[in-house]
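So you can see what is in the structure, the chains are spelled out below.
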There are 2 protein chains.
Amino acid sequence: MGYSLRKLFKWWFLNLTMKKIFIILWKHFQNKWFFYGITIYDIAREAKVGIGTVSRVLNGNPHVSDETRRKVLEVARRLNYQPHTYAQRLAKQKAYAISAVIPFFISYFFIEVLRGVQDKILDYGFDLVLYGVNDPSTQVEHYIQKSTHRGKVDGVLFFSMKFPEAYTSYFKQRGIPIVLVDTFHPKFDSITVDNFQGAYIATKHLIEHGYEKIGMIVARLESMPAKQRFDGFRKALSDYGKIFYEEYFVESRDTRLDGFTRDAGYQACKELLSRNREIPSAIFVSSDIQAIGVIEALSERGIKVPDDVAVIGFDDIELAKDFGLTTVRQPMYEIGKVAVEKLFERMNSRKTKPEHIKFTPELVIRKTCP
Amino acid sequence: MGYSLRKLFKWWFLNLTMKKIFIILWKHFQNKWFFYGITIYDIAREAKVGIGTVSRVLNGNPHVSDETRRKVLEVARRLNYQPHTYAQRLAKQKAYAISAVIPFFISYFFIEVLRGVQDKILDYGFDLVLYGVNDPSTQVEHYIQKSTHRGKVDGVLFFSMKFPEAYTSYFKQRGIPIVLVDTFHPKFDSITVDNFQGAYIATKHLIEHGYEKIGMIVARLESMPAKQRFDGFRKALSDYGKIFYEEYFVESRDTRLDGFTRDAGYQACKELLSRNREIPSAIFVSSDIQAIGVIEALSERGIKVPDDVAVIGFDDIELAKDFGLTTVRQPMYEIGKVAVEKLFERMNSRKTKPEHIKFTPELVIRKTCP
DNA sequence: CTGAAAGCGCTAACAC
DNA sequence: GTGTTAGCGCTTTCAG
């Protein structure tokens, strides 16, 4: 009998009490020591109400008596309650998050835009899931897929890279809201900067300033922005009946970052100088970072800016201010903000046609071309 | 009877069929048209197995017959199944995500570190939730809280800002793994760069090069990195029995970004030049961005680098290469990677004491001090 | 090896 | 107003 009693006890102990004791202890530890793992059930128990009521209170549902509300709130605060992120998201069938698929290489642009995105997203209380692409040629699709795992995000922001054609139907079919920033596709909302217009404005300024022999140093023309800026330059020249001096035009040979580097600008300027006896009266450069290289090359040859030659850049990066560079400003922070706004608009109303917002850049006049 | 029949029918129709029909239709649309919203139930039904089995197959559980596995996999592929992110995370009680609380202002540093983080995190298949802090004085705590909402992430990376003392117990109590990057707190793992050592190495190089009158231009000494770099400089001087020339030492007045700007360097150098008849033979500058300003100021006065005065910077930012700046390189990409590794280590084993990893920076010799 | 069932923590429709 | 219950979609025992 002693034996069977022990056996019985053992069985009973293991299967029931043990479990319960553990649970009780565990809850106790959680509540008292960790302030962690508190659920609406804990609150409901303490406040002597149902979990539905707790949920209602926590979600600001008005159909609760003030008395109950107070009580629940008090308990919740005392227990240091925090809703479980993913339980909410699952039940609500909403991710409360958006993702950004963004290339890392365009550093200057990157930071500013991201700042805008972050600030705006804060207004909505959403999370930002970042997918920084180091190598577009191999990683874009991978990250697109990750960022669209079912339920993960309510929308995606896609930056500065060629949107892979194969994924247009992917997004359309699943109805995942997406907005393209600094890149374009006819089927999706996009936010871009009018490079053509910016270059046009800069060139026009040069022309109105009385410069005749206007040169241009441009990054590789395969790159869309470079091409558009070049086109704007040509258009302004022809609109104002000015000559395009072939000899004062240099396209970067440097392939790194499509030629949008200081060194590419430096080299291109050296080439320009070496192949001419005279120098142009002004140079429009396709980016600030190149322009800094250009100015270096000029000063090495003892050529003064802006006295001997005027220089205008493009982008208005942080350093442009330091160098007193006259340039075309891209409102990057603003672009980030608008991108988020646009995305939320899409998320809240699956509307009609895609919209294409174009920001017109503005001229910032500093020392290199007064 | 006609009436009661209709009534009955109506009731029946509304309460049962209607609902079911809708569900069937809906599922149909989903499956066929949208490839979306497929659940393991759909797969189980199609493959004629239980949902448990489906889950097992999908999770690579070995206790499934090959035959069943094949069948399930086939159906899953055909239906274009994707697991619901948050359902998984909820059931697994694991977030499969980490967050980064990072200030936006330190742009150069920022990008590189983040690249490292992103690349490493990719290995683990985790998501990165980004909280970019624009205004540390007001936003840090807000973002810390957001990033620690229950269940949201498995760990957090905290960058470059003073960790708020009030939150030490917050993290400790909840047992949320955190690693500090580019900042320090005795109670948490941290990864920093040995600024002292870096400055020491740079100064030593200057000394061994035979320079006697070595000056220093430093950002605001309230800033920890600036202070540590200054201390390293002094130590090297005294270790090698060199004089510290008070007159060739300038601390930035500029408060913006603690004086880590091109303009601050430029102004400080002007001040150095204006208050001495002679110039030092070498200048150690507390950051590359300032060094660029210093070089500008020097060249404006016709002082040649490195012929008249040698310059060494700190950081090795992108532009340093362009300017041929000799500098102290911080392995930022590497730091990002290691930070993630360390965090995962913490997440997988709640170990003992916090570890403090210090990277020793290395000297990069370029033109400004051969 | 596999199906059924009990969670994970929360929301929302449904009764009373 | 408020408690109960049925999901959200997946994981993980627990029996066979």
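Residues numbered from 1 in each chain as written. Chains lettered and ligands numbered in written order. Predicted model: local features only at pLDDT ≥ 70, side-chain atom pairs only at ≥ 80, totals over all residues. Heavy atoms only, no water.

Before going further, it helps to examine the overall build of chain A. The helix and strand inventory of chain A stands at 14 helices and twelve strands. Taken over 370 residues, chain A has a buried fraction of 52%. Accessible area of chain A: about 17700 Å², with a carbon and sulfur share of 56%. (Helix = DSSP H or I, 4+ residues; strand = E, 2+ residues; numbered from the N terminus. Buried < 20%, exposed > 50% of the residue type's maximum accessible area, 1.4 Å probe, protein only. Areas by Shrake-Rupley, 256 points an atom, 1.4 Å probe, with all protein chains shown as cover.)

Turning to the sheet that holds strand S6 (residues 214-218) of chain A, a few remarks are in order. Residues and elements named next belong to chain A. Strand order in this open sheet of four strands is S7-S6-S8-S9, and the pairing throughout is parallel. The outermost strands of the open sheet, each flanked by one partner alone, are strand S7 (249-251) and strand S9 (310-312). Sheet twist, expressed as the average angle between the axes of neighbouring strands with direction ignored, equals 15 degrees. When S6 meets S7, the two strands line up parallel, connected through three bridges. Looking at S7, one finds that valine 218 is bridged to glutamate 251. Of the strands in this sheet, S6, S7 and strand S8 (282-285) touch helix H10 (residues 224-239), which is tilted by about 170 degrees from S6. (Pairing = 2+ DSSP bridges. Axes fitted to C-alpha atoms, helices over the stretch in contact; angles between N-to-C directions. Contact = heavy atoms within 4.5 Å.)

Okay, the pairing of strand S5 (residues 189-193) of chain A next. All names here are of chain A. The element S5 is extensively covered by neighbouring structure, given that five of its five residues are classed as buried. The two faces of S5 match: Asp189, Ile191 and Val193 on one face and Ser190 and Thr192 on the other face are all buried. In this structure, strand S4 (residues 178-181) lies alongside S5, joined through three bridges in parallel fashion. By the bridge assignment for S5, leucine 180 is matched with serine 190. Direction of pairing for S5 relative to strand S11 (residues 356-359): parallel, over a ladder of four bridges. Bridging from a neighbouring strand, serine 190 pairs with histidine 356 of S11.

Next up on the list: the UniProt feature "domain: HTH lacI-type" (unreviewed entry) in chain A. Those residues carrying the UniProt feature "domain: HTH lacI-type" (unreviewed entry) are residues 38-92 of chain A in this numbering. Here residues 38-92 of chain A runs as 69% helix and 0% strand, with 20 Å between its end C-alpha atoms. (UniProt positions renumbered as here; feature names shortened; annotations may be inferred.)

As a further point, take the protein's contact with DNA strand C. Around DNA strand C lies a shell of 31 residues, among which Tyr81 of chain A together with Gly50, Thr53, Arg56 and Thr68 of chain B are the nearest. Each atom of DNA strand C within 4 Å of the protein was assigned to sugar, phosphate or base; sugar and phosphate come to 64%. Serine 55 of chain A places a polar side-chain atom, nitrogen or oxygen, 2.9 Å from a phosphate oxygen of DNA strand C. Those elements giving two or more residues to the surface near DNA strand C turn out to be helix H2 (40-47), helix H3 (51-58) and helix H5 (85-92) of chain A together with helix H3 (51-58) and helix H5 (85-92) of chain B. Its residues placed into classes, the surface near DNA strand C shows twelve nonpolar, 14 polar and five charged. (Near = heavy atom within 4 Å. Polar contact = N/O pair within 3.5 Å; in protein donor to acceptor, adjacent residues only side chain to side chain. Nonpolar A, V, L, I, M, F, W, Y, C, P; charged D, E, K, R; others polar.)

What follows covers the side chain of serine 160 of chain A. Structurally, the position occupied by serine 160 of chain A is in the loop between strand S3 (155-159) and helix H8 (168-174). A distance of 2.8 Å separates the side chain of serine 160 of chain A from the side chain of aspartate 182 of chain A, its partner in a polar contact.

In the structure shown here, the tally under the stated rule is zero disulfides over all chains. No disulfide involves cysteine 269 of chain A; its sulfur sits 16 Å from that of cysteine 369 of chain A, the nearest cysteine. (Disulfide = S-S within 2.5 Å.)

Our focus in this paragraph is the protein's contact with DNA strand D. DNA strand D sits among 31 residues. The nearest are Gly50, Thr53, Arg56 and Thr68 of chain A together with Tyr81 of chain B. Sugar and phosphate atoms constitute 63% of the interface atoms of DNA strand D, taking the interface as everything within 4 Å of the protein. In the model, a phosphate oxygen of DNA strand D is placed 2.6 Å from a nitrogen or oxygen of the glycine 50 of chain A main chain. Here arginine 56 of chain A contributes a side-chain N or O atom positioned 2.3 Å from a base oxygen of DNA strand D. At the level of secondary structure, the elements contributing two or more residues to the surface near DNA strand D comprise H3 and H5 of chain A together with helix H2 (40-47), H3 and H5 of chain B. Residue classes in the surface near DNA strand D are distributed as twelve nonpolar, 14 polar and five charged.

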